[in-house]
Amino acid sequence: MLINTQLGFLGSLNDIRNIWSGYAKGWGDRWSPWRPSSGDIDIYQTLAGEKLSGRVLLFGATPELRDLIAQNGGNIVLIDICPEMVGAATKFLRYSNPKNETWIIADWCEMPFFSDYFDLVIGDFMWWLLSVPRQKILRDQIARILKPGRNFVSRVHFCDLVRADQNIEEIIKTNLLRLHRDNSNRPQLREMIIAKIVDATADFNTKRLNIKKHKNSYSRI
Ligand SMILES: C[S@@+](CC[C@H](N)C(=O)[O-])C[C@H]1O[C@@H](n2cnc3c(N)ncnc32)[C@H](O)[C@@H]1O
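Since we're looking at a predicted model, the values are computed, not measured. Along each chain, the written sequence defines residue order, and numbers are assigned to residues from 1. Since the coordinates come from a predicted model, pLDDT governs what is reported: local features require at least 70, and pairs of side-chain atoms require 80 or more to be given and counted, while whole-chain, interface and lining totals use all residues. As a rule here, side-chain values come from all non-hydrogen atoms in the structure, and water together with hydrogens is ignored.

(A) Main features of the nonpolar core. Definition of nonpolar core: a set of buried residues of the types Ala, Val, Leu, Ile, Met, Phe, Trp, Tyr and Cys, connected through side-chain atoms within 4.5 Å. For every residue, the accessible area (1.4 Å probe, protein chains only) is compared with the maximum for its type, and the residue is labelled buried under 20%, exposed over 50%, or partly exposed between those bounds. Formed by 19 residues in total, the largest nonpolar core has its most connected members in Leu 57, Phe 59, Ile 79, Phe 113 and Leu 138. The helix count covers DSSP runs of H or I at least four residues long, the strand count covers runs of E at least two residues long, and both are numbered beginning at the N terminus. Considering every element that reaches this core, the biggest residue donor is helix H5 (residues 132-145), with three residues. Ignoring sequence-local partners within four residues, the contact set of Phe 113 consists of Leu 57, Val 77, Ile 79, Ile 104, Phe 118, Arg 144 and Ile 145. Listed in part, the 17 residues of the second largest apolar core include Leu 58, Leu 65, Leu 78 and Val 86. Contacts are residue-level and defined by heavy atoms, with any inter-residue pair within 4.5 Å sufficient.

(B) A look at unusual backbone geometry. That bond from Ser 32 to Pro 33 is cis: its omega, 10°, falls within 30 degrees of zero. In this fold, Pro 33 is placed in the loop between helix H1 (13-25) and helix H2 (38-48). Despite not being glycine, Asp 116 has its phi angle at roughly 50°, a positive value. Looking at the secondary structure, you find Asp 116 in the loop between strand E3 (102-105) and strand E4 (118-124). In the Ramachandran plot, Phe 125 falls in the positive-phi region, its phi being about 55° despite a non-glycine side chain. Topologically, Phe 125 is positioned in the loop between E4 and H5. On the accessibility criterion, Phe 125 (10% relative accessible area) is buried.

(C) Seen up close, the domain arrangement of the protein chain. Residue ranges for the domains trace back to a domain assignment, done automatically or taken from a database. When cut into domains, the protein chain gives domain 1 (13-155) and domain 2 (159-218). Spacing between the C-alpha centres of domain 1 and domain 2 amounts to 26 Å. Each partner contributes to the interface: domain 1 provides 10 residues, whereas domain 2 provides 12 residues. Simply put, the buried area is the total loss of 1.4 Å probe accessible area from both parts when two parts are fitted together. Roughly 940 Å² is buried in total at the junction of domain 1 and domain 2, and carbon and sulfur atoms are behind 63% of that figure. On the domain 1 side of the interface with domain 2, the three residues burying the most area are Trp 31, Trp 34 and Trp 128, jointly 48% of the side's total.

(D) Here's a closer look at the site of the ligand. Proximity criterion: a residue is near a molecule or strand once any of its heavy atoms comes within 4 Å of it. For the ligand, the set of nearby residues contains 20 residues, the closest of which are Trp 34, Thr 62, Asp 80, Asp 107 and Asp 124. N or O atoms closer than or at 3.5 Å make up a polar contact, with two conditions inside protein: a donor-capable atom paired with an acceptor-capable one, and, for residues adjacent in sequence, both atoms drawn from side chains. In this structure, Asp 80 approaches the ligand through a side-chain N or O atom, which is 2.5 Å from an oxygen atom. A distance of 2.7 Å separates a nitrogen atom of the ligand from a polar atom in the side chain of Asp 124. Exposure was quantified through the Shrake-Rupley algorithm and a 1.4 Å probe, taking into account, for residues, occlusion by the shown protein chains and nothing else. Burial of the ligand by the surrounding chains reaches 98%, relative to a free accessible area of 590 Å².

(E) Here's a closer look at the sheet that holds E4. Strands are labelled as partners when DSSP assigns at least two bridges between them. Reading across the sheet, the five strands line up as E3-E2-E1-E4-E5 and stay open at both edges, with parallel pairing between neighbours. For this open sheet the edge positions go to E3 and strand E5 (146-155), each flanked by a neighbour on one side alone. Each strand axis lies, on average, 20° off the axis of its neighbour in the sheet, ignoring direction. As paired elements, strand E2 (residues 75-80) and E3 share four bridges and run parallel to each other. Note on E3: the bridge partner recorded for Val 77 is Thr 102. Here H2 sits on the sheet and contacts E4 and E5; the angle it forms with E5, its principal contact strand, is near 165°. Helix axes are fitted to C-alpha atoms over the stretch in contact, other axes to C-alpha atoms as well, and angles between N-to-C directions run from 0 to 180 degrees. H5 rests against strand E1 (55-59), E4 and E5 of the sheet, and its axis sits at about 135° to E5.

Put into structure tokens, the structure is as follows:
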């Protein structure tokens, strides 16, 4: 696991909760890459395979993954720090019935589970939401709660070093033209621009995202 090359987040648990309860309000207007695309879900199906039908721990409340697990007959336990996000994501379920799911509202690093308990641990775009030291804690917890020979499957965001020196004004200017030209694909284009800005505003020295800086940048889109 390339821990040193991933960026990390260092806010308090309260900061994390507040940030996500903010995101919960507009979750319906978030698209790939922040939410998994149907192509990403196909890859999850391939990588997780028959373990999706076992006892599955989901990091976060990703509706697309809850539906995938339910479609495979799996037993869903999800752990998420933000009840507002769980509520918002639940509105987008198509197959999974919340009555058949177990919800744990807690920080991922405080996992109340026995050892050798899960057939699969899965989480989408969640690794960079933890500081590097907490990534190590979570790694050891995942290894402990998985049954021997079972899998952890996750989509990971690697910040593109090439973008580290890109000028944000330039990113916005060049892509705004595309945005205005192509109305049919507006939300996806907007999300792609935001992804570029996230990489361009990341602090590669401290290995952290700069949420304030990238939010200020893309609030103009
Ligand atoms: C899974 S991640 C990334 C979003 C993902 N791409 C999706 O489409 O669901 C986001 C979720 O993780 C939760 N979360 C973030 N940091 C957390 C932490 N330290 N412990 C528990 N839940 C956390 C947030 O509340 C949010 O619901």
